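One-letter residues, chain by chain:
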Amino acid sequence: MISLDEALARLCALAPAIPAETVPLAQAAGRWLAEPIAAKRTQPMRDLSAMDGYALRFADLPGPIAVVGESAAGRGFAGSIGPGEAVRIFTGAPLPAGADTILVQEEAARDGDVLTLDGGGPGSVGRHIRRAGLDFSTGEALLAAGDRLTPPALALAAIAGYAELPVRRTIRVAIAATGDELVPPGQPVPPDGLPESNSILVAAMLAGLPVSIEQLGILPDDRAAIEAAFTRVDADLLITTGGASVGDHDLVRPALEAAGGQIDFWRIAMRPGKPMLAGRLRDTLVIGLPGNPVAAFVTTLRFVKPLVVAMAGGTLPLATRHLPLAGPLPANDHRADHLRATIQGGIVYSAGRQDSSMLRTLAHSDCMILRAPHAPAALAGDSVEVLMIG
Ligand SMILES: Nc1nc2c(c(=O)[nH]1)N[C@H]1C(S)=C(S)[C@@H](COP(=O)(O)OP(=O)(O)OC[C@H]3O[C@@H](n4cnc5c(N)ncnc54)[C@H](O)[C@@H]3O)O[C@H]1N2
Ligand code: MOO
């Protein structure tokens with residue numbers, strides 16, 4: 001058995017390289033930048049007013065000052081102002097030549113074209129002016145390769161002169177459930193049957209990432225059938241669930257090998273999720289998740305999601321916090337444990353029964369308490385690391 005950290009590192013090393021492509025800004029939302037970008041323009045391009053009011057010479061205050069024209073955003077004042085002159089100006093409008101300060105309109109009294117100070121005034125020369133290049137100048141580095149294209153990052157790229165951005169192309173993910181007992185959700189369930197829930201779980205956990213998902217449906221516990229499905233797969237990542245353990249009907253490993261693939265690792269020192277396997281089939285990375293639904297959840301959370309983000313060119317830090325325990329926990333064995341838990345009043349309550357088939361407990365959990373291999377027993381009030389799962 002390998003450690004959780006080693007498993008993630010090996011998965012990332014096994015992953016096929018995803019080429020970059022250029023996509024319109026709207027399609028780049030939530031993806032990761034494949035190359036750094038620099039400003040194609042200076043922002044703002046020239047000195048602008050930050051307020052609605054009057055552009056004037058500070059030395060002319062408190063007036064009277066003659067209003068000789070107007071400067072609006074997109075339509076600046078053509079001339080320049082001389083001593084004793086001002087221009088009506090609006091937020092985002094170019095500062096006229098000759099002006100050095102903005103007087104906000106709330107502190108100005110205007111009678112026809114004559115302006116006087118009516119209030120405290122700007123205080124110092126240069127007030128309420130956004131200087132050219134305040135935000136950035138042409139050629140400056142703005143975003144790095146691997147940066148997440150958040151809404152503000154996309155807006156920055158737009159204002160910096162970009163209509164499209166380089167990102168890794170969408171990752172093609174195929175998902176297959178294995179198990180003779182499984183029936184599609186909502187279908188009549190025979191006495192020995194079970195509604196299939198893992199493929200919906202895994203796909204929903206990848207929603208919001210740059211993936212296209214092909215659901216391969218339910219494969220029977222038949223080595224030849226699984227092998228045939230593997231042979232047809234055309235994807236960057238194939239995720240199977242079930243059939244990963246040691247039973248006579250756990251056929252994902254032999255089917256992968258029969259299809260010409262290679263196993264890289266099988267079994268991880270973690271709970272739940274121990275029987276997870278990984279390998280390659282031609283250009284496809286294959287991950288065999290355990291069938292138990294909570295094991296499928298934890299392995300998707302700890303491996304599949306960070307892996308997909310890495311393939312998309314980013315990184316996904318673990319969202320952990322430290323909180324006091326409501327009750328004691330026993331010492332841990334050699335497997336990194338993930339205990340479903342809830343948080344109430346800043347205190348973390350471990351769910352009583354941690355059987356990895358119990359989806360109701362999972363659906364009502366806020367977090368998982370992370371217990372390192374060989375962690376000593378913990379007492380009520382001790383601080384533990386929790387992984388948020390909401
Ligand atoms: N002798 C041993 N038995 C088991 C071991 C072991 O080390 N030695 N490991 C256990 C652990 S840990 C896990 S986890 C399970 C996982 O085994 P498999 O990946 O082979 O999963 P299955 O046997 O196919 O299924 C387990 C369980 O989950 C249900 N299942 C399967 N697929 C789905 C699905 N798509 N949707 C909903 N539920 C699903 C299945 O009906 C079983 O109840 O093995 C332990 N055994
Ligand atoms: O570790 Mo298994 O993954 O308990 O259910």
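The structure displayed is predicted, hence computed values, not measured ones.

A. Structural context of the overall build of the chain. Within the chain, the secondary structure is distributed over eight helices and 26 strands. Taken over the C-alpha trace, the chain has a radius of gyration of 31 Å; the compact-globule value for 390 residues is 21 Å, which it surpasses by more than 25%. Dimensions along the principal axes, computed over C-alpha positions, put the chain at roughly 95 × 50 × 40 Å. Within the span of the chain, comprising 390 residues, buried residues form 44% of the whole. In the chain, the proportion of contacts linking residues at least 24 apart, taken out of those at least 6 apart, comes to 70%. Accessible surface computed for the chain: about 18000 Å², of which carbon and sulfur atoms make up 54%. Between the mean site of the 32 positive side-chain charges and the mean site of the 40 negative ones, the chain shows a separation of 2 Å.

B. Representation of the sheet that holds strand β4 (residues 53–56) in the model. With mixed pairing, six strands are arranged side by side in an open sheet as β7-β4-β6-β5-β9-β8. Strands at the two margins of the open sheet, each flanked by one partner only, are β7 (101–104) and β8 (108–111). On average, each strand axis in the sheet is tilted by 40 degrees relative to the strand beside it, whichever way the strands run. Across three bridges, β4 lies against strand β6 (residues 85–89) in antiparallel orientation. Among the inter-strand pairings, Y54 is bridged to a residue of β6, identified as R88.

C. The packing of helix α4 (residues 198–206) against helix α7 (residues 293–311), seen in detail. Where α4 contacts α7, the axes come no closer than 10 Å and their chain directions differ by 30 degrees. Taken together, the axes of α4 and α7 lie roughly parallel to each other. Our pair here, α4 against α7, has a crossing hand that is right-handed. Taken together, the residues of α7 that come into contact with α4 (itself represented by N198, L201, V202, M205 and L206) are P293, A296, F297, T300, L301, V304, K305 and V308. Broken down by class, the residue content of the contact of α4 with α7 amounts to ten nonpolar, two polar and one charged.

D. Structural context of helix α1 (residues 4–14). Buried within α1 are the following residues: L4, A7, L11 and L14. Axial view of α1: buried residues confined to an arc of 90 degrees, hence all on one face. The exposed residues of α1 that point more than 90 degrees off its buried face are D5 and A13. Those residues of α1 that are buried are in contact with β18 (262–266), β19 (270–271), β20 (277–281), β21 (284–289), α7 and β23 (336–344).

E. Region of interest: the site of ligand 2. Ligand 2 sits among P272, G273, K274, P275, N292, A295, R335 and S356. Between ligand 2 and S356 there is a distance of 2.3 Å, counted from an oxygen atom to a side-chain nitrogen or oxygen. Tallied by class, residues from the shell around ligand 2 come to three nonpolar, three polar and two charged.

F. Highlighting the sheet that holds strand β16 (residues 211–219). Strand order across the open sheet formed by six strands is β16-β13-β17-β21-β20-β18, with mixed pairing between neighbours. Each edge of the open sheet carries a strand with a single partner, namely β16 and β18. Averaged over all pairs of adjacent strands, the angle between strand axes in this sheet comes to 20 degrees, irrespective of strand direction. Where strand β17 (residues 237–241) lies against β21, five bridges are found, and the strand directions are parallel. Bridging from a neighbouring strand, I239 pairs with I287 of β21. Across the sheet, α4 is in contact with β13 (171–178), β16, β17 and β21; its angle to β16 comes to roughly 175 degrees. Contacts from α7 reach β13, β16, β17 and β21, with the element oriented near 165 degrees to β21.

G. Fine view of the domain arrangement of the chain. According to the domain assignment, the chain consists of domain 1 (4–17 + 169–311), domain 2 (22–42 + 140–166), domain 3 (48–130) and domain 4 (320–388). The C-alpha-based centres of domain 1 and domain 3 are spaced at 67 Å.

H. View of the site of ligand 1. Residues in close proximity to ligand 1 total 22 residues, the closest being E181, E196, D250, K274 and G291. Contact between ligand 1 and E196: a nitrogen atom at 2.7 Å from a side-chain N or O atom of the residue. In the model, an oxygen atom of ligand 1 is placed 2.9 Å from a nitrogen or oxygen of the D250 side chain. Contact with the protein chains hides 70% of the accessible area of ligand 1, taken as 880 Å² for the molecule alone. Within the residue set of the shell around ligand 1, elements represented by two or more residues are β15 (194–195) and α7. Across the shell around ligand 1, the residue classes break down as ten nonpolar, eight polar and four charged.

I. Highlighting unusual backbone geometry. The residue after Q43, namely P44, is reached through a cis peptide bond having omega -10 degrees. Looking at where P44 falls in the secondary structure, it is placed in the loop between β2 (37–38) and β3 (48–49). With an omega dihedral of 15 degrees, the bond running from L61 to P62 counts as a cis peptide bond. Locating P62 in the fold gives a position in the loop between β4 and β5 (65–71). Backbone geometry places H128, a non-glycine residue, at a positive phi of 65 degrees. Note that H128 resides in the loop between β9 (114–117) and β10 (129–130).

The rules behind the values
- Residues numbered from 1 in each chain as written.
- Chains lettered and ligands numbered in written order.
- Predicted model: local features only at pLDDT ≥ 70, side-chain atom pairs only at ≥ 80, totals over all residues.
- Heavy atoms only, no water.
- Helix = DSSP H or I, 4+ residues; strand = E, 2+ residues; numbered from the N terminus.
- Rg over C-alpha atoms; globule rule 2.2 N^0.38 Å.
- Buried < 20%, exposed > 50% of the residue type's maximum accessible area, 1.4 Å probe, protein only.
- Contact = heavy atoms within 4.5 Å.
- Areas by Shrake-Rupley, 256 points an atom, 1.4 Å probe, with all protein chains shown as cover.
- Lys, Arg positive; Asp, Glu negative; His and termini not counted.
- Charge placed at Lys NZ, Arg CZ, Asp CG, Glu CD.
- Pairing = 2+ DSSP bridges.
- Axes fitted to C-alpha atoms, helices over the stretch in contact; angles between N-to-C directions.
- Parallel < 35°, antiparallel > 145°, perpendicular 65-115°, else oblique.
- Left-handed = near helix turned anticlockwise from the far one by under 90°.
- Nonpolar A, V, L, I, M, F, W, Y, C, P; charged D, E, K, R; others polar.
- Arc of directions from axis to C-beta.
- Near = heavy atom within 4 Å.
- Polar contact = N/O pair within 3.5 Å; in protein donor to acceptor, adjacent residues only side chain to side chain.
- Domains from an automatic or database assignment.

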